[in-house]
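# Fold and contact review
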Amino acid sequence: MTDTKSPWGMPLCDLYEVMGDGSGKGWADKKVAQVKVDRLKWIFLNFICLLFIVSLFYCNPLNEDWHTWFSRFGALILISSVLVEYYFLNKFKDVINFSEHSTPVYCVIYVQRKFKSTVSYSKQYTLFMTVIGTVIWGYGDLIYIHLKN
């Protein structure tokens, strides 16, 4: 009986070694670098969106009451976090595709497992920002009045 482990269960370093020195490691290394760049873009886009929203809040370009603008602030948080997440997950899906003719399955599994926590974190962050944005959007005027007093 052979003692073969599933690529989903073996440690990442062992899975990387299973790919050998051929094109598999090269493909995986290229995809890992690409996902790292996309992760930095995700962080940068989230930061820019939040900075833009906060600057709009303080500039008050429409000269409205602060409690009204605070509610609109929530809508902007919601839409920006969802759009940035959509962009990131589409980029990640494009990186990890099975359509490349010579890509061994071990390579794809390696990259997916290596960034599983990154994708999970981005989804949790987006869910958190969506909930916060929705609450502020729906009840921002009441929250602002309560915080002001």
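Read on for a plain summary of the structure. (Residues numbered from 1 in each chain as written. Predicted model: local features only at pLDDT ≥ 70, side-chain atom pairs only at ≥ 80, totals over all residues. Heavy atoms only, no water.)

## Description of the overall build of the protein
Across its full length, the protein holds five helices and zero strands. Each helix and strand of the protein, placed in order from N terminus to C terminus, yields the pattern α-α-α-α-α. Long-range pairs, those at least 24 residues apart, make up 77% of the contacts in the protein between residues at least 6 apart in sequence. Here the protein displays about 9600 Å² of accessible surface, and carbon together with sulfur accounts for 65% of that area. (Helix = DSSP H or I, 4+ residues; strand = E, 2+ residues; numbered from the N terminus. Contact = heavy atoms within 4.5 Å. Areas by Shrake-Rupley, 256 points an atom, 1.4 Å probe, with all protein chains shown as cover.)

## Side note on the environment of L83
Structurally, the position occupied by L83 is in helix 3 (residues 66-95). Through-space distance from the C-alpha of L83 to that of T126 is 9.5 Å; in sequence the pair is 43 residues apart.

## A short note on the nonpolar core
F73, Y110 and V111 are the most contacted members of the largest nonpolar core, which totals 30 residues. Counting residues per element, the ones that place at least two in this core are helix 1 (12-18), helix 2 (23-59), helix 3, helix 4 (105-114) and helix 5 (116-148). (Core = buried A, V, L, I, M, F, W, Y, C linked by side-chain atoms within 4.5 Å. Buried < 20%, exposed > 50% of the residue type's maximum accessible area, 1.4 Å probe, protein only.)

## Observations regarding the side chain of S71
With respect to the helices and strands, S71 occurs in helix 3. With residues near it in sequence (within four places) discarded, S71 still touches I136, W137, G140 and D141.

## Examining the pattern of salt bridges
Enumeration over the complete set of coordinates arrives at one salt bridge. In this structure, K25 engages E17 in a salt bridge whose closest nitrogen and oxygen atoms are separated by 3.5 Å. Classification of E17 as exposed rests on a relative accessible area of 52%. (Salt bridge = Lys/Arg side-chain N within 4 Å of Asp/Glu carboxyl O.)

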